[in-house]
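The lines below spell out each chain.
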Amino acid sequence: MALIDLANPTRFLRLVNAVLPWLAAATAILFAIGLYRAVGAPDDYQQGATVKIMFLHVPAAWLGMMGWGLMSVAALGTLVWRHPLADVAGKAAAPIGAAFTFICLVTGSLWGRPTWGTYWVWDARLTSMLVLLLLYLGVLALYWTAEDPGRGARAAAILSLVGAVNLPIIKFSVDWWNTLHQPASILRTGGSAIDPSILTPLLIMAAAFTCLFFTLHLAVMRNEILRRRVRTMQLMEAQRFAEAGA
Amino acid sequence: MRGATSHDHIFDPETRVNALLALLLRDMRLSIRVGGGALMGALFFLIVVVMMPFAVGPDLNLLARIGPAILWLGALLASLLALDRLFAVDHEDGSLDLLMMGAMPLELAVLAKAIAHWLTTALPLVIIAPVLGLMLNVELKAMGVIALTLLAGTPALTFIGLIGAALSVALRRGGLLLAVLVLPLTIPVLIFGVAAANAAIVGPAPFGPPFTILCALSLGSLVLGPVAAAAALRHGLE
(Lines give C-alpha, C1' and ligand atoms only; values in the text may rest on other atoms or scores of the structure.)
Protein backbone atom coordinates (compact mmCIF):
# COMPACT_ATOMS: atom_id res chain seq x y z
CA MET A 1 0.00 0.00 0.00
CA ALA A 2 1.50 3.31 -1.04
CA LEU A 3 1.65 6.25 1.30
CA ILE A 4 -0.73 8.22 -0.89
CA ASP A 5 -3.46 5.60 -0.37
CA LEU A 6 -3.50 6.57 3.28
CA ALA A 7 -4.57 10.07 2.29
CA ASN A 8 -8.11 8.77 2.45
CA PRO A 9 -8.99 9.08 6.15
CA THR A 10 -11.54 6.28 6.03
CA ARG A 11 -8.99 3.85 4.65
CA PHE A 12 -6.45 5.04 7.21
CA LEU A 13 -8.93 4.58 10.06
CA ARG A 14 -9.70 1.04 8.87
CA LEU A 15 -5.98 0.26 8.87
CA VAL A 16 -5.50 1.80 12.33
CA ASN A 17 -8.40 -0.17 13.77
CA ALA A 18 -6.91 -3.37 12.37
CA VAL A 19 -3.35 -2.69 13.57
CA LEU A 20 -3.93 -1.04 16.92
CA PRO A 21 -4.98 -4.09 19.01
CA TRP A 22 -1.94 -6.05 17.81
CA LEU A 23 0.38 -3.15 18.52
CA ALA A 24 -1.10 -2.69 21.98
CA ALA A 25 -0.69 -6.40 22.68
CA ALA A 26 2.93 -6.30 21.51
CA THR A 27 3.53 -3.31 23.80
CA ALA A 28 2.08 -5.15 26.80
CA ILE A 29 4.10 -8.30 26.13
CA LEU A 30 7.35 -6.39 25.57
CA PHE A 31 6.79 -4.38 28.76
CA ALA A 32 6.12 -7.58 30.73
CA ILE A 33 9.34 -9.22 29.48
CA GLY A 34 11.36 -6.00 29.75
CA LEU A 35 10.27 -5.14 33.28
CA TYR A 36 10.81 -8.73 34.43
CA ARG A 37 14.31 -8.75 32.97
CA ALA A 38 15.00 -5.27 34.36
CA VAL A 39 14.05 -6.35 37.87
CA GLY A 40 16.28 -9.40 37.48
CA ALA A 41 19.23 -7.35 36.21
CA PRO A 42 22.18 -7.10 38.61
CA ASP A 43 22.54 -4.00 40.79
CA ASP A 44 25.33 -1.57 40.15
CA TYR A 45 28.25 -2.04 42.54
CA GLN A 46 28.15 1.65 43.49
CA GLN A 47 24.62 2.86 42.83
CA GLY A 48 22.77 -0.22 44.07
CA ALA A 49 19.19 -0.70 42.94
CA THR A 50 18.76 2.91 41.84
CA VAL A 51 20.51 2.08 38.58
CA LYS A 52 17.24 0.40 37.52
CA ILE A 53 15.76 3.85 36.86
CA MET A 54 17.92 3.71 33.75
CA PHE A 55 15.55 1.17 32.17
CA LEU A 56 12.85 3.85 32.11
CA HIS A 57 15.07 6.89 31.76
CA VAL A 58 17.14 5.98 28.71
CA PRO A 59 14.32 4.69 26.46
CA ALA A 60 12.21 7.73 27.38
CA ALA A 61 15.08 9.98 26.31
CA TRP A 62 15.45 8.14 22.99
CA LEU A 63 11.75 8.30 22.27
CA GLY A 64 11.57 11.95 23.30
CA MET A 65 14.16 12.76 20.64
CA MET A 66 12.54 10.46 18.09
CA GLY A 67 9.27 12.35 18.57
CA TRP A 68 10.85 15.49 17.18
CA GLY A 69 12.29 13.51 14.28
CA LEU A 70 8.82 12.19 13.50
CA MET A 71 7.42 15.73 13.68
CA SER A 72 10.08 16.96 11.26
CA VAL A 73 9.28 14.22 8.73
CA ALA A 74 5.59 14.99 9.14
CA ALA A 75 6.41 18.69 8.65
CA LEU A 76 8.05 17.90 5.31
CA GLY A 77 4.93 15.94 4.43
CA THR A 78 2.74 18.91 5.29
CA LEU A 79 4.77 21.62 3.57
CA VAL A 80 6.25 19.81 0.58
CA TRP A 81 3.84 17.04 -0.36
CA ARG A 82 0.74 18.47 1.31
CA HIS A 83 -0.19 14.99 2.47
CA PRO A 84 -3.50 15.39 4.32
CA LEU A 85 -2.51 13.03 7.12
CA ALA A 86 0.93 14.55 7.66
CA ASP A 87 -0.32 17.45 9.77
CA VAL A 88 -2.43 15.02 11.80
CA ALA A 89 0.69 12.88 12.36
CA GLY A 90 2.74 15.93 13.36
CA LYS A 91 0.09 17.22 15.73
CA ALA A 92 -0.30 13.80 17.33
CA ALA A 93 3.46 13.38 17.83
CA ALA A 94 3.94 16.65 19.73
CA PRO A 95 2.20 15.86 23.06
CA ILE A 96 3.53 12.27 23.09
CA GLY A 97 7.09 13.41 22.46
CA ALA A 98 6.70 16.06 25.14
CA ALA A 99 5.40 13.43 27.58
CA PHE A 100 8.35 11.10 26.94
CA THR A 101 10.79 13.99 27.34
CA PHE A 102 9.06 14.89 30.60
CA ILE A 103 9.32 11.28 31.83
CA CYS A 104 13.02 11.36 30.97
CA LEU A 105 13.51 14.55 33.00
CA VAL A 106 11.51 13.32 36.00
CA THR A 107 13.24 9.95 36.15
CA GLY A 108 16.59 11.66 35.65
CA SER A 109 15.82 13.99 38.52
CA LEU A 110 14.76 11.09 40.76
CA TRP A 111 17.91 9.21 39.75
CA GLY A 112 20.04 12.26 40.48
CA ARG A 113 18.86 12.55 44.07
CA PRO A 114 20.55 9.36 45.39
CA THR A 115 23.54 9.39 43.02
CA TRP A 116 24.40 13.10 42.73
CA GLY A 117 22.81 14.20 46.01
CA THR A 118 20.50 16.70 44.35
CA TYR A 119 17.35 16.64 42.25
CA TRP A 120 18.71 18.86 39.56
CA VAL A 121 22.18 19.60 38.23
CA TRP A 122 22.92 21.67 35.14
CA ASP A 123 24.37 18.64 33.48
CA ALA A 124 24.72 18.98 29.72
CA ARG A 125 22.41 16.13 28.83
CA LEU A 126 19.72 17.08 31.34
CA THR A 127 19.86 20.68 30.14
CA SER A 128 19.55 19.66 26.48
CA MET A 129 16.51 17.55 27.29
CA LEU A 130 15.00 20.47 29.21
CA VAL A 131 15.44 22.71 26.18
CA LEU A 132 13.84 20.01 24.02
CA LEU A 133 10.86 20.00 26.39
CA LEU A 134 10.64 23.80 26.11
CA LEU A 135 10.60 23.53 22.31
CA TYR A 136 7.86 20.88 22.50
CA LEU A 137 5.84 23.16 24.75
CA GLY A 138 6.31 25.98 22.22
CA VAL A 139 4.85 23.79 19.46
CA LEU A 140 1.96 22.80 21.73
CA ALA A 141 1.35 26.48 22.53
CA LEU A 142 1.22 27.16 18.79
CA TYR A 143 -1.47 24.49 18.36
CA TRP A 144 -3.45 25.82 21.30
CA THR A 145 -3.52 29.39 20.03
CA ALA A 146 -4.31 28.64 16.39
CA GLU A 147 -8.00 29.09 15.59
CA ASP A 148 -7.83 27.41 12.21
CA PRO A 149 -6.41 23.84 12.41
CA GLY A 150 -4.82 23.91 8.96
CA ARG A 151 -3.08 27.22 9.55
CA GLY A 152 -1.85 26.08 12.97
CA ALA A 153 -0.52 22.85 11.47
CA ARG A 154 1.51 24.68 8.83
CA ALA A 155 2.92 27.10 11.40
CA ALA A 156 3.86 24.19 13.66
CA ALA A 157 5.45 22.40 10.70
CA ILE A 158 7.73 25.37 10.02
CA LEU A 159 8.63 25.57 13.71
CA SER A 160 9.40 21.82 13.73
CA LEU A 161 11.81 22.18 10.83
CA VAL A 162 13.49 25.23 12.36
CA GLY A 163 13.79 23.27 15.60
CA ALA A 164 15.26 20.29 13.77
CA VAL A 165 18.01 22.55 12.38
CA ASN A 166 18.52 24.22 15.74
CA LEU A 167 18.48 21.21 18.05
CA PRO A 168 21.97 19.95 17.13
CA ILE A 169 23.31 23.50 17.54
CA ILE A 170 21.63 23.80 20.94
CA LYS A 171 22.97 20.39 21.95
CA PHE A 172 26.49 21.37 20.88
CA SER A 173 26.37 24.75 22.62
CA VAL A 174 25.00 23.31 25.85
CA ASP A 175 27.77 20.68 25.86
CA TRP A 176 30.33 23.41 25.28
CA TRP A 177 28.81 25.65 27.98
CA ASN A 178 28.76 22.75 30.43
CA THR A 179 32.42 21.81 30.01
CA LEU A 180 33.30 25.49 30.36
CA HIS A 181 31.44 25.93 33.62
CA GLN A 182 31.75 22.65 35.42
CA PRO A 183 34.43 20.14 34.60
CA ALA A 184 33.22 16.57 34.75
CA SER A 185 33.29 16.07 38.49
CA ILE A 186 29.86 14.65 39.17
CA LEU A 187 29.58 12.10 36.45
CA ARG A 188 32.04 9.35 37.06
CA THR A 189 33.56 7.97 33.90
CA GLY A 190 32.19 4.45 33.84
CA GLY A 191 33.31 1.72 31.49
CA SER A 192 32.08 2.35 27.98
CA ALA A 193 30.98 -1.22 27.38
CA ILE A 194 27.68 -2.15 28.98
CA ASP A 195 27.40 -5.67 30.31
CA PRO A 196 24.91 -7.85 28.36
CA SER A 197 22.98 -8.55 31.58
CA ILE A 198 22.06 -4.83 31.57
CA LEU A 199 22.07 -4.20 27.83
CA THR A 200 19.54 -6.89 26.88
CA PRO A 201 16.77 -5.67 29.23
CA LEU A 202 17.53 -2.10 28.18
CA LEU A 203 17.02 -2.94 24.51
CA ILE A 204 13.81 -4.85 25.29
CA MET A 205 12.56 -1.84 27.24
CA ALA A 206 13.52 0.42 24.33
CA ALA A 207 11.47 -1.79 21.98
CA ALA A 208 8.56 -1.70 24.45
CA PHE A 209 8.72 2.11 24.66
CA THR A 210 8.84 2.34 20.86
CA CYS A 211 5.74 0.15 20.55
CA LEU A 212 4.04 2.25 23.22
CA PHE A 213 4.91 5.40 21.32
CA PHE A 214 3.42 4.16 18.07
CA THR A 215 0.35 2.71 19.80
CA LEU A 216 -0.34 6.07 21.39
CA HIS A 217 0.54 7.91 18.19
CA LEU A 218 -1.91 5.94 16.06
CA ALA A 219 -4.62 6.27 18.71
CA VAL A 220 -4.12 10.04 18.93
CA MET A 221 -4.14 10.32 15.14
CA ARG A 222 -7.42 8.40 15.03
CA ASN A 223 -8.90 10.70 17.66
CA GLU A 224 -7.72 13.78 15.80
CA ILE A 225 -9.32 12.61 12.56
CA LEU A 226 -12.58 11.92 14.37
CA ARG A 227 -12.35 15.30 16.11
CA ARG A 228 -11.96 17.04 12.76
CA ARG A 229 -14.96 15.16 11.39
CA VAL A 230 -17.03 16.30 14.36
CA ARG A 231 -15.85 19.86 13.75
CA THR A 232 -16.79 19.70 10.07
CA MET A 233 -20.21 18.25 10.92
CA GLN A 234 -20.80 20.98 13.48
CA LEU A 235 -19.87 23.65 10.95
CA MET A 236 -22.21 22.11 8.37
CA GLU A 237 -24.98 21.89 10.93
CA ALA A 238 -24.48 25.52 11.90
CA GLN A 239 -24.57 26.53 8.25
CA ARG A 240 -27.74 24.55 7.63
CA PHE A 241 -29.29 26.14 10.69
CA ALA A 242 -28.33 29.61 9.50
CA GLU A 243 -29.75 28.98 6.03
CA ALA A 244 -32.97 27.59 7.47
CA GLY A 245 -33.32 30.64 9.68
CA ALA A 246 -32.72 33.06 6.83
CA MET B 1 13.73 33.72 -24.94
CA ARG B 2 10.39 34.30 -23.25
CA GLY B 3 8.22 37.17 -24.29
CA ALA B 4 8.74 40.34 -22.32
CA THR B 5 6.33 40.70 -19.43
CA SER B 6 5.67 43.65 -17.25
CA HIS B 7 7.66 42.01 -14.45
CA ASP B 8 10.88 41.53 -16.40
CA HIS B 9 12.47 44.67 -15.07
CA ILE B 10 12.58 43.18 -11.56
CA PHE B 11 15.06 40.54 -12.72
CA ASP B 12 17.51 43.30 -13.44
CA PRO B 13 19.94 43.23 -10.47
CA GLU B 14 20.12 46.99 -10.17
CA THR B 15 16.36 47.39 -9.98
CA ARG B 16 16.20 44.66 -7.40
CA VAL B 17 18.83 46.33 -5.19
CA ASN B 18 17.01 49.62 -5.55
CA ALA B 19 13.75 47.99 -4.50
CA LEU B 20 15.43 46.44 -1.47
CA LEU B 21 16.99 49.74 -0.49
CA ALA B 22 13.67 51.51 -0.87
CA LEU B 23 12.00 48.99 1.43
CA LEU B 24 14.87 49.23 3.92
CA LEU B 25 14.72 53.02 4.02
CA ARG B 26 10.93 53.01 4.27
CA ASP B 27 11.01 50.69 7.28
CA MET B 28 13.73 52.70 8.97
CA ARG B 29 11.91 55.97 8.38
CA LEU B 30 8.68 54.51 9.73
CA SER B 31 10.33 53.26 12.90
CA ILE B 32 12.19 56.50 13.62
CA ARG B 33 9.17 58.74 13.17
CA VAL B 34 6.37 59.36 15.63
CA GLY B 35 4.67 56.11 16.64
CA GLY B 36 7.54 53.99 15.40
CA GLY B 37 8.98 53.19 18.78
CA ALA B 38 12.55 52.62 17.63
CA LEU B 39 14.14 53.69 20.91
CA MET B 40 11.60 51.85 23.07
CA GLY B 41 13.85 48.79 23.06
CA ALA B 42 16.81 50.82 24.29
CA LEU B 43 14.68 52.31 27.05
CA PHE B 44 13.53 48.83 28.07
CA PHE B 45 17.16 47.68 28.07
CA LEU B 46 18.05 50.55 30.42
CA ILE B 47 15.21 49.68 32.79
CA VAL B 48 16.05 45.95 32.87
CA VAL B 49 19.67 46.74 33.73
CA VAL B 50 18.58 49.20 36.42
CA MET B 51 16.26 46.59 37.95
CA MET B 52 19.09 44.08 38.24
CA PRO B 53 20.97 45.68 41.19
CA PHE B 54 17.66 45.89 43.08
CA ALA B 55 17.34 42.12 42.69
CA VAL B 56 20.91 41.02 43.43
CA GLY B 57 22.05 43.87 45.70
CA PRO B 58 24.36 46.84 45.11
CA ASP B 59 27.57 44.84 45.61
CA LEU B 60 29.86 46.28 42.93
CA ASN B 61 32.17 43.25 42.80
CA LEU B 62 29.25 40.90 42.18
CA LEU B 63 27.78 43.25 39.58
CA ALA B 64 31.10 43.47 37.77
CA ARG B 65 31.33 39.69 37.68
CA ILE B 66 27.83 39.10 36.32
CA GLY B 67 27.79 42.34 34.29
CA PRO B 68 28.26 40.71 30.87
CA ALA B 69 25.49 38.23 31.63
CA ILE B 70 23.11 41.02 32.70
CA LEU B 71 23.86 43.07 29.59
CA TRP B 72 23.38 40.09 27.30
CA LEU B 73 20.13 39.03 28.97
CA GLY B 74 18.84 42.60 28.84
CA ALA B 75 19.70 42.92 25.15
CA LEU B 76 18.05 39.55 24.42
CA LEU B 77 14.80 40.58 26.13
CA ALA B 78 14.83 44.05 24.60
CA SER B 79 15.30 42.79 21.06
CA LEU B 80 12.55 40.23 21.67
CA LEU B 81 10.13 42.89 22.84
CA ALA B 82 10.47 44.90 19.67
CA LEU B 83 9.85 41.91 17.38
CA ASP B 84 6.10 42.11 17.83
CA ARG B 85 5.89 45.13 15.54
CA LEU B 86 8.04 43.70 12.77
CA PHE B 87 5.17 42.37 10.65
CA ALA B 88 2.09 43.23 12.71
CA VAL B 89 1.87 46.89 11.65
CA ASP B 90 2.39 46.04 7.97
CA HIS B 91 -0.22 43.31 8.26
CA GLU B 92 -2.75 45.72 9.74
CA ASP B 93 -2.47 48.35 7.02
CA GLY B 94 -2.23 45.84 4.17
CA SER B 95 1.28 46.62 2.98
CA LEU B 96 2.36 43.10 3.89
CA ASP B 97 -0.10 41.75 1.32
CA LEU B 98 1.43 44.07 -1.28
CA LEU B 99 4.90 42.77 -0.45
CA MET B 100 3.69 39.19 -0.77
CA MET B 101 2.08 39.81 -4.14
CA GLY B 102 4.93 41.92 -5.44
CA ALA B 103 7.54 40.72 -7.91
CA MET B 104 10.35 40.88 -5.38
CA PRO B 105 11.05 37.48 -3.78
CA LEU B 106 9.41 37.44 -0.37
CA GLU B 107 12.63 36.14 1.21
CA LEU B 108 14.51 39.26 0.09
CA ALA B 109 11.73 41.58 1.21
CA VAL B 110 11.70 39.90 4.63
CA LEU B 111 15.48 40.18 4.78
CA ALA B 112 15.31 43.92 4.04
CA LYS B 113 12.73 44.38 6.77
CA ALA B 114 14.88 42.43 9.22
CA ILE B 115 17.97 44.50 8.45
CA ALA B 116 15.98 47.69 8.92
CA HIS B 117 14.67 46.33 12.20
CA TRP B 118 18.17 45.43 13.35
CA LEU B 119 19.50 48.90 12.46
CA THR B 120 16.74 50.70 14.32
CA THR B 121 16.26 48.51 17.40
CA ALA B 122 19.35 46.34 17.97
CA LEU B 123 22.06 48.80 17.00
CA PRO B 124 20.95 51.33 19.67
CA LEU B 125 21.28 48.51 22.23
CA VAL B 126 24.87 47.91 21.12
CA ILE B 127 25.62 51.61 21.37
CA ILE B 128 24.20 52.17 24.86
CA ALA B 129 25.57 48.88 26.27
CA PRO B 130 28.93 50.45 27.29
CA VAL B 131 27.11 53.20 29.20
CA LEU B 132 25.04 50.66 31.04
CA GLY B 133 28.20 48.64 31.68
CA LEU B 134 29.52 51.68 33.53
CA MET B 135 26.64 51.41 35.99
CA LEU B 136 27.43 47.74 36.54
CA ASN B 137 31.07 48.47 37.40
CA VAL B 138 32.34 46.67 34.29
CA GLU B 139 35.91 47.69 33.49
CA LEU B 140 36.40 50.30 30.80
CA LYS B 141 38.42 48.04 28.52
CA ALA B 142 35.85 45.26 28.88
CA MET B 143 33.00 47.43 27.69
CA GLY B 144 34.31 47.58 24.15
CA VAL B 145 34.46 43.80 24.12
CA ILE B 146 30.90 43.43 25.37
CA ALA B 147 29.69 45.87 22.74
CA LEU B 148 31.62 43.90 20.11
CA THR B 149 30.00 40.60 21.14
CA LEU B 150 26.59 42.28 21.07
CA LEU B 151 27.34 43.68 17.62
CA ALA B 152 28.23 40.19 16.40
CA GLY B 153 25.40 38.38 18.19
CA THR B 154 22.33 40.60 17.94
CA PRO B 155 21.83 39.88 14.19
CA ALA B 156 21.28 36.25 15.17
CA LEU B 157 18.63 37.34 17.69
CA THR B 158 16.89 39.46 15.05
CA PHE B 159 16.93 36.79 12.35
CA ILE B 160 15.77 34.00 14.70
CA GLY B 161 13.12 36.31 16.09
CA LEU B 162 12.03 37.03 12.53
CA ILE B 163 10.71 33.46 12.29
CA GLY B 164 8.70 33.88 15.48
CA ALA B 165 7.35 37.23 14.30
CA ALA B 166 6.22 35.71 10.99
CA LEU B 167 4.58 32.74 12.74
CA SER B 168 2.74 34.93 15.23
CA VAL B 169 1.44 37.33 12.58
CA ALA B 170 0.28 34.35 10.52
CA LEU B 171 -1.68 33.13 13.53
CA ARG B 172 -2.74 36.66 14.50
CA ARG B 173 -1.25 36.16 17.93
CA GLY B 174 1.60 38.07 19.44
CA GLY B 175 3.09 38.84 22.80
CA LEU B 176 3.85 35.85 24.95
CA LEU B 177 3.53 33.26 22.17
CA LEU B 178 6.36 34.97 20.31
CA ALA B 179 8.59 34.84 23.41
CA VAL B 180 7.74 31.19 24.07
CA LEU B 181 8.63 30.22 20.51
CA VAL B 182 11.77 32.29 20.10
CA LEU B 183 13.54 32.21 23.46
CA PRO B 184 14.58 28.50 23.46
CA LEU B 185 16.05 28.94 19.98
CA THR B 186 18.27 31.80 21.16
CA ILE B 187 20.02 29.76 23.85
CA PRO B 188 23.16 29.14 21.72
CA VAL B 189 23.50 32.87 21.01
CA LEU B 190 23.27 33.68 24.71
CA ILE B 191 25.78 30.96 25.63
CA PHE B 192 28.43 32.01 23.13
CA GLY B 193 27.81 35.74 23.57
CA VAL B 194 28.33 35.66 27.33
CA ALA B 195 31.19 33.17 26.98
CA ALA B 196 33.04 35.41 24.50
CA ALA B 197 32.56 38.46 26.71
CA ASN B 198 33.72 36.60 29.82
CA ALA B 199 36.68 35.08 27.98
CA ALA B 200 37.91 38.53 27.02
CA ILE B 201 37.39 40.01 30.50
CA VAL B 202 38.43 37.35 33.00
CA GLY B 203 39.86 34.58 30.84
CA PRO B 204 41.46 32.08 30.97
CA ALA B 205 39.69 30.58 27.93
CA PRO B 206 40.60 32.22 24.60
CA PHE B 207 38.26 34.82 23.10
CA GLY B 208 38.52 33.52 19.53
CA PRO B 209 36.47 30.29 19.47
CA PRO B 210 33.27 31.53 21.15
CA PHE B 211 33.40 34.79 19.20
CA THR B 212 33.79 33.08 15.83
CA ILE B 213 30.96 30.66 16.69
CA LEU B 214 28.85 33.69 17.60
CA CYS B 215 29.56 35.17 14.17
CA ALA B 216 28.73 31.79 12.60
CA LEU B 217 25.37 31.74 14.41
CA SER B 218 24.58 35.20 13.05
CA LEU B 219 25.53 34.23 9.50
CA GLY B 220 23.65 30.92 9.71
CA SER B 221 20.48 32.56 10.98
CA LEU B 222 20.86 35.22 8.28
CA VAL B 223 20.26 32.39 5.79
CA LEU B 224 17.72 30.33 7.72
CA GLY B 225 15.66 33.18 9.20
CA PRO B 226 14.35 34.93 6.05
CA VAL B 227 13.62 31.61 4.29
CA ALA B 228 11.65 30.21 7.23
CA ALA B 229 9.88 33.52 7.88
CA ALA B 230 8.87 33.85 4.23
CA ALA B 231 7.57 30.26 4.29
CA ALA B 232 5.61 31.02 7.46
CA LEU B 233 4.03 34.11 5.88
CA ARG B 234 3.20 32.30 2.64
CA HIS B 235 1.65 29.31 4.36
CA GLY B 236 -0.04 31.34 7.05
CA LEU B 237 -1.60 34.18 5.07
CA GLU B 238 -2.55 32.38 1.88
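These figures come from a predicted structure and were not determined experimentally.

A. Structural view of the overall build of chain A. When you go through chain A residue by residue, the secondary structure sums to six helices and zero strands. When the helices and strands of chain A are listed from N to C terminus, the series reads α-α-α-α-α-α. Burial statistics for chain A: of 246 residues in total, 33% are counted as buried. In chain A, once contacts between residues fewer than 6 apart in sequence are set aside, the share between residues at least 24 apart is 80%.

B. Geometry of the overall build of chain B. Per the secondary structure count, chain B includes ten helices and zero strands. In sequence order, the secondary structure elements of chain B are arranged as α-α-α-α-α-α-α-α-α-α. For 238 residues, the compact-globule estimate of 2.2 N^0.38 gives 18 Å, and the C-alpha radius of gyration of chain B, at 19 Å, lies within 12% of that figure. The principal-axis extents of the C-alpha atoms in chain B amount to approximately 70 × 35 × 30 Å. Out of the 238 residues belonging to chain B, those deemed buried represent 46%. A fraction of 80% describes how many contacts in chain B between residues 6 or more apart in sequence connect residues 24 or more apart.

C. Structural view of the nonpolar core. Counting 132 residues, the largest nonpolar core has A:Ala155, B:Leu162, B:Ala166, B:Leu167 and B:Ala232 as the members making the most contacts within it. No other element matches the 17 residues that helix 7 (residues 140–170) of chain B contributes to this core. Beyond its immediate chain neighbours, meaning those up to four positions away, A:Ala155 contacts A:Leu142, A:Ala146, B:Leu167, B:Ala170, B:Leu171, B:Ala232 and B:Gly236.

D. Local environment of the interface of chain B and chain A. The interface of chain B with chain A comprises 22 residues on the first partner and 23 residues on the second. For the side of chain B that touches chain A, the secondary-structure elements that each account for two or more residues are helix 7, helix 8 (176–182), helix 9 (187–201) and helix 10 (208–237) of chain B.

E. Representation of the confidence of the model for chain B within the structure. The predicted model of chain B has a mean per-residue pLDDT of 82, with 92% of residues at 70 or higher. This model gives residues 1–6 of chain B a pLDDT under 50, and the stretch forms zero contacts once residues within four places in sequence are excluded.

F. Layout of helix 2 (residues 54–81) of chain A. Here helix 2 of chain A spans 39 Å end to end across 28 residues, near enough to the 40 Å set by a 1.5 Å rise per residue. A:Arg82, located one to two residues past helix 2 of chain A, shows a positive phi value of around 55°.

G. Seen up close, the confidence of the model for chain A. Residue and element names in this part refer to chain A. Averaged over all residues, the pLDDT of chain A is 82; the fraction at 70 or higher stands at 88%. Taken element by element, the predicted model of chain A shows its lowest mean pLDDT in helix 5 (residues 149–181) (81) and its highest in helix 2 (88). Ignoring residues within four places in sequence, the model shows residues 183–192, a span with pLDDT below 50, making three contacts including any to other chains.

Cut-offs used in this document
Residues take numbers from 1 onward in each chain, read along the sequence in its written order. Here chains are named by letter from A upward and ligands by number from 1 upward, in the order in which they appear as written. Per-residue local features are limited, in this predicted model, to residues with pLDDT of at least 70; the limit for side-chain atom pairs, both in listing and counting, is 80 or more; totals at the level of whole chains, interfaces and linings are taken over all residues. Runs of E in the DSSP output that reach at least two residues are strands. Runs of H or I that reach at least four are helices, and both are numbered from the N terminus. The burial label depends on the number of other C-beta atoms within 10 Å of a residue's C-beta. Counts of 20 or more mean buried, 12 or fewer mean exposed, and intermediate counts mean partly exposed, with C-beta atoms placed from the backbone. Residues are scored as being in contact if the C-beta atoms we place from backbone atoms lie within 7 Å. When we talk radius of gyration, it's over C-alpha atoms, and the globule rule is simply 2.2 Å times the number of residues to the 0.38. Note on terminology: a nonpolar core is any set of buried Ala, Val, Leu, Ile, Met, Phe, Trp, Tyr and Cys residues joined through C-beta atoms within 7 Å. Scored between 0 and 100, pLDDT is the confidence that the predictor attaches to each residue. Under the convention used throughout, the expected extent of a helix is 1.5 Å for every residue step, that is, one less than its residue count.

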